[in-house]
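Chain by chain, the residues:
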Amino acid sequence: MTEERQTAQLKTGGDQGYLRIATEEAFATEEQVAAYLRMIRDGEADKGMVSLWGFYAQSPSPRATQIMERLLDLGERRIADMDVHGIDKAILALTSPGVQPLTDLDEAKGIATRANDQLAAACAKYPDRYIGMGTVAPQDPEWSAREIHRGAKELGFKGIQINSHTQGHYLDEPQFDPIFRALAEVDQPLYIHPSTSPDAMIGPMLDAGLDGAIFGFGVETGMHLLRLITIGIFDRYPTLQIMVGHMGEALPYWLYRLDYMHQAGVRSQRYERMKPLNKTIAGYLQSNVLVTNSGVAWEPAIKFCQEVMGEDRVMYAMDYPYQVEAREVHAMDAMTMSPETKKKFFQTNAERWFKL
Ligand code: 1DF
Ligand code: MN
């Protein structure tokens, strides 16, 4: 990257040959954060919540206070940040872990409903800049299914985001089937966004400071997607598309070993749950999984993913407001890649898969 490129101003409008559509962008609501703080105060929060939101919602550090301000804004401040970083459109979702840790179902559904209404209003106010993904409360799968329909039909949402496990439960468990059925009915994607690991998994990561976005998010979310693939979710729902961020939460890099050991496991019948599937894990990654580069502004990883999954399946994301770096946008612009492939990465893959 030349010095000139690095200091040149980023602009919206597509002068570089593509629009920049950022696909994993977060917002928060006041009552969501207040509920987290109450859980922490009352000793109801799991260790991950104490670590993550105990920090962002309470630390006086510049990282925490700036992220909180940006999360809570769905107006001019966010638009100004998008303008400065050359982001034409942001696909927005309620920040992790959404309402999934809340044990009072009425409270969870109320906060989710109002967050969805607030997001829909912001998208209506800035129709050229904001696109919404809805939030649900998987604790109540039937309600979530209805909210998926409301999001698609009344609120203009283009998918939903679920923040990995719900109180230690994973989406491959049969009680969550109404969520997948609803997604198939509205023909929209599911974005599985990271959350902190449940208490059963977080232990040895926490004392080392590895529980959050540095590592714990990725291994827990990658495992979640693997649980869904190996239970046969895509044999049951062949048109379902599942998106994950952070360059596929490391699964593409493990793919050879995943398939080798999965096939060995199926053949040996070592695990009751591990049944033969219609495709290989690589096959599902090439037909039902989409990845975004949130948090990973790294050309070798992006090219590797394009090679193993196909260049139609890798999309741009900034991960605002957790990773707001103009130099990363410049680095992505400067990737040595054909103009056609780069346009797919920044713009047309998102248009295709979110049906914009
Ligand atoms: C962090 C990173 C937090 C991501 C997030 O949501 C998040 C972080 C609470 O750095 O603590 O979405 N991320 O996707 O990388
Ligand atoms: Mn994120």
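This is a predicted model, so every value here is computed, not measured. Each chain has its residues counted from 1, following the order in which its sequence is written. To label them, take the chains in the order written and letter them from A, then take the ligands in the order written and number them from 1. Totals for whole chains, interfaces and linings use every residue, but because this is a predicted model, local features are given only for residues with pLDDT of at least 70 and side-chain atom pairs only at 80 or more, for both listing and counting. The side-chain numbers reported here are obtained from all heavy atoms of the structure, hydrogens and water having been left aside.

A.B. asks: Help me get a handle on the packing of helix α3 (residues 47–56) against helix α9 (residues 199–206), residues and values and all.
C.D. replies: Where α3 meets α9, the closest approach of the two axes is 9 Å, and the angle between their N-to-C directions is 55 degrees. Accordingly, the angle class assigned to the pair α3 and α9 is oblique. Between α3 and α9, the contacting residues are K47, G48 and S51 on the first element and D199, I202 and L206 on the second. Classifying every residue of the contact of α3 with α9 by side-chain character gives two nonpolar, two polar and two charged. With axes taken as lines fitted to C-alpha atoms, and helix axes fitted only over the stretch in contact, angles between N-to-C directions fall between 0 and 180 degrees. Only runs of H or I of at least four residues qualify as helices and only runs of E of at least two qualify as strands under DSSP, and these elements are numbered from the N terminus. Orientation is classified from the angle alone, with under 35 degrees giving roughly parallel, over 145 giving roughly antiparallel, 65 to 115 giving roughly perpendicular, and any other angle giving oblique. What makes two residues a contact is simply this: any of their non-hydrogen atoms within 4.5 Å. Under the scheme applied, nonpolar residues are Ala, Val, Leu, Ile, Met, Phe, Trp, Tyr, Cys and Pro; charged residues are Asp, Glu, Lys and Arg; polar residues are all the others, including Gly.

A.B. asks: Hey, could you go over the coordination of the manganese ion (ligand 2) for me, with residue numbers and the actual values?
C.D. replies: Excluding water, the donors of a metal are its N, O and S neighbours within 2.8 Å, or within 3.2 Å for Na, K and Ca, and that exclusion means sites may look incomplete. Looking at the manganese ion (ligand 2), one finds its protein donor set to be E24 (OE), H193 (NE2) and D319 (OD), positioned 2.0 to 2.3 Å from the metal centre. All donors of the manganese ion (ligand 2) belong to a single chain; written as a sequence motif, their spacing is E-x168-H-x125-D. Here D319 lies in the loop between β9 (314–315) and α16 (326–333) and H193 lies in the loop between β6 (190–192) and α9, a separation of 126 residues in the sequence. With a 1.4 Å probe rolled over the protein chains alone, any residue whose accessible area is under 20% of its type maximum counts as buried; one over 50% counts as exposed, and the rest are partly exposed. Residue class for H193 comes out buried when judged on its relative accessible area of 10%.

A.B. asks: With reference to specific residues and values, describe the sheet that holds strand β3 (residues 130–132).
C.D. replies: Spatially, β1-β2-β3 is the arrangement adopted by the three strands of the open sheet, whose pairing is parallel. With partners counted over all chains shown, the strands left at the sheet margins are β1 (21–27) and β3, one partner each. Between one strand and the next, the sheet's axes are offset by a mean angle of 35 degrees, whatever the strand orientation. In short, DSSP must find at least two bridges between two strands for them to pair. Note that strand β2 (residues 89–94) and β3 share three bridges and pair parallel. In the strand pairing of β3, A90 is matched with Y130. Each of β1, β2 and β3 touches helix α6 (residues 105–125); the most contacted strand, β3, lies at about 150 degrees to it.

A.B. asks: Which residues make up the layout of surface pockets, and what values go with them?
C.D. replies: A pocket, in this scheme, is an open set of points on a 1 Å grid over the protein atoms alone with protein on both sides within 12 Å along at least 5 of 7 lines, while a cavity is a set where a 1.4 Å probe fits but cannot get out; residues line either one if an atom lies within 4 Å of a point. Grid points are joined across faces, edges and corners, and a volume is the space filled by probe spheres set on the points. Roughly 1,100 Å³ of volume is contained in the largest pocket. Surrounding the largest pocket, 44 residues form its lining, A213, I214, G218, H246 and E249 being those nearest its centre. Elements with a minimum of two residues in the lining of the largest pocket: α3, α10 (216–231), α12 (246–249), α13 (251–268) and α15 (299–309). Here the lining of the largest pocket gets six residues from one element, more than from any other, and that element is α10. Residues of the lining of the largest pocket, tallied by class, amount to 25 nonpolar, 14 polar and five charged. Size it by volume and the second largest pocket reaches roughly 460 Å³.

A.B. asks: Which residues make up the pattern of salt bridges, and what are the values?
C.D. replies: Whenever Lys or Arg places a side-chain nitrogen within 4 Å of a carboxyl oxygen from Asp or Glu, that contact is recorded as a salt bridge. In this structure the tally under the stated criterion is 20 salt bridges. A salt bridge links K303 to E299, with the nearest nitrogen and oxygen atoms 2.6 Å apart. Of this pair, K303 and E299 both sit in helix α15, four residues apart, which is roughly one turn of that helix. The class for E299 is partly exposed, based on a relative accessible area of 22%. Overlapping salt bridges, with partners in common, bring together E311, D312, K344 and R352 in one network.

A.B. asks: Summarise the sheet that holds strand β7 (residues 242–244); cite the residues concerned and give the values.
C.D. replies: One open sheet holds the six strands; their spatial order is β4-β5-β6-β7-β8-β9, and the pairing between them is parallel. Taken across any chain shown, the strands that pair with only one partner, and hence form the sheet edges, are β4 (134–135) and β9. With respect to the sheet, α10 is in contact with β6, β7 and β8 (289–292), its orientation differing from that of β7 by roughly 160 degrees.

A.B. asks: I'd like a rundown of the packing of aromatic side chains, residues and numbers included.
C.D. replies: Two rings from Phe, Tyr or Trp (for Trp, the six-membered ring) form a pair when their centres are within 6.5 Å of each other. A pair whose planes differ by under 30 degrees is stacked, one over 60 is edge-to-face, and the rest are tilted. Scanning the model with the defined rule gives twelve aromatic pairs in all. With 5.3 Å between their ring centres and 45 degrees between their planes, Y36 and W53 make a pair best called tilted. Here W53 lies in helix α3 and Y36 lies in helix α2 (residues 30–41), a separation of 17 residues in the sequence. Accessibility assignment for this pair places Y36 and W53 in one class, buried. Residues Y316 and F346 carry aromatic rings whose centres are separated by 4.9 Å and whose planes lie at 40 degrees to one another, so their mutual orientation is tilted. Here Y316, found in the loop between β9 and α16, pairs with F346, found in helix α17 (residues 339–353); they are 30 residues apart in sequence, far enough to count as distant. Residue F346 is classed as buried on the basis of its relative accessible area of 0%. Here a set of aromatic residues connected by ring pairs shows up, and it is made of Y36, W53, F55, Y56 and Y322.

A.B. asks: Outline the pairing of β8, listing residues and values.
C.D. replies: Regular strands place side chains that alternate from one sheet face to the opposite one. Residues V289 and V291 of β8 are buried on one face, and the alternating residues L290 and T292, pointing to the opposite face, are buried as well. Pairing analysis gives three bridges linking β7 to β8, with the strands arranged parallel. Each residue of the ladder has a partner; that of I242, found in β8, is V289. As judged from the two bridges shared by β8 and β9, these two strands associate in the parallel manner. Looking at the pairing, T292 lines up with M315 of β9. For the crossover that starts at β8, traverses α15 and ends in the parallel β9, the hand is right-handed. Here a crossover is taken to be right-handed if, once the strands point away from the viewer, the path from the first strand over the helix to the second is traced clockwise.

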